[in-house]
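Listed below, chain by chain, are the residues.
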Amino acid sequence: MNGLRVLAVDDELPALEDLSYLLRADPRIGEVSTARDGAAALRLLDRAIAEGRPIDAVFLDIRMRGLDGVVLGRLLSQFANPPRVVFVTAYEEHAVDAFEIKAEDYLLKPVRPERLAEAIRRVCVSADVPVESAESDTIPVELGGVTRFVSTADVIYVEAQGDYARLHTAAGSHLVRIPLATLEERWASSGFVRVHRSHLVAVRHIEELHIDSGRCTVRVGDTEIPVSRRHTRELRDLLLRRERR
């Protein structure tokens, strides 16, 4: 599998689960490993090197029992081919340490998906690691304790629900903890367009566009979705260009 191989390290399980979930949701990430402390992280990193599949980046908490993140970061910088380090912490006062270690980024908890996406972009540029294109993007969704992977090709439209987004497919809908704005940026190259502050639509699934008394809507399957005024002309031009092709 193409994509970054990353390690998330945090001694607090809920924080570790949140971070690993967000990492797996990014199409530039190929594999995510986790560790609950610095010693376990070092063992995992050594094993990955021995197997010829070294970790590209470590997303590292700072205040941990035993070997803390700053010390671990300094140890990693001594590797022959050190992984990129991104600190993920609730404390701002370690930014100087991160700078000295030449960390790629410094994220504050709670981690915002769009901020994490920027940190991953920096790691990709620094590591020069080939990643899969957005066309093959999938996103993990949780259902009854089981993680399923939904392809963008199956998503018809997306509906904002606060800091979450609901993915609508022909088979049903799935709630994911990613803001609509993040998906808008990530899926633009996969043919998704913003039509309203609360809706993102796959252009290939738009069947009809209606304009009546200044009100614009699009129909995707059996669903009618509002189009805001600021998006109406842009969407209409896009659909006309598609028809000409």
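From a predicted model like this one, the values you see are computed outputs, not experimental measurements. (Residues numbered from 1 in each chain as written. Predicted model: local features only at pLDDT ≥ 70, side-chain atom pairs only at ≥ 80, totals over all residues. Heavy atoms only, no water.)

1. Observations regarding the confidence of the model for the chain
Put simply, the rule reads: The predictor rates its confidence in each residue with pLDDT, a number between 0 and 100. In this text, helices come from DSSP runs of H or I with a minimum length of four residues, and strands from runs of E with a minimum of two, each type numbered from the N-terminal end. The contact definition used throughout considers only heavy atoms, calling two residues in contact when any of these lie within 4.5 Å.
Mean pLDDT for the chain: 86, with 93% of residues reaching 70 or above. Highest mean pLDDT in the chain belongs to strand 3 (residues 57–60) (96); lowest belongs to helix 4 (residues 95–101) (76). Under a pLDDT of 50 for its full length, residues 132–136 has, in the predicted model, eight contacts with residues more than four places off or in other chains.

2. A closer look at the environment of arginine 194
What counts, and what does not: By the criterion applied in these results, polar contacts are pairs of N or O atoms within 3.5 Å in which, for protein atoms, one can donate a hydrogen and the other can accept it, and in which residues neighboring in sequence qualify only through two side-chain atoms.
For arginine 194, the location among the structural elements is in strand 11 (residues 192–196). When the C-alpha positions of arginine 194 and leucine 183 are compared, they lie 9.9 Å apart, and in sequence the two are 11 residues distant. Residues in contact with arginine 194, not counting those within four places in the same chain, are Leu180, Ala181, Glu184, His199, Leu200 and His231. Here histidine 196 takes part through its backbone oxygen, which lies 2.8 Å from a polar atom of the side chain of arginine 194. Reaching out from arginine 194, the side chain makes a polar contact with the backbone oxygen of arginine 197 at a distance of 2.9 Å.

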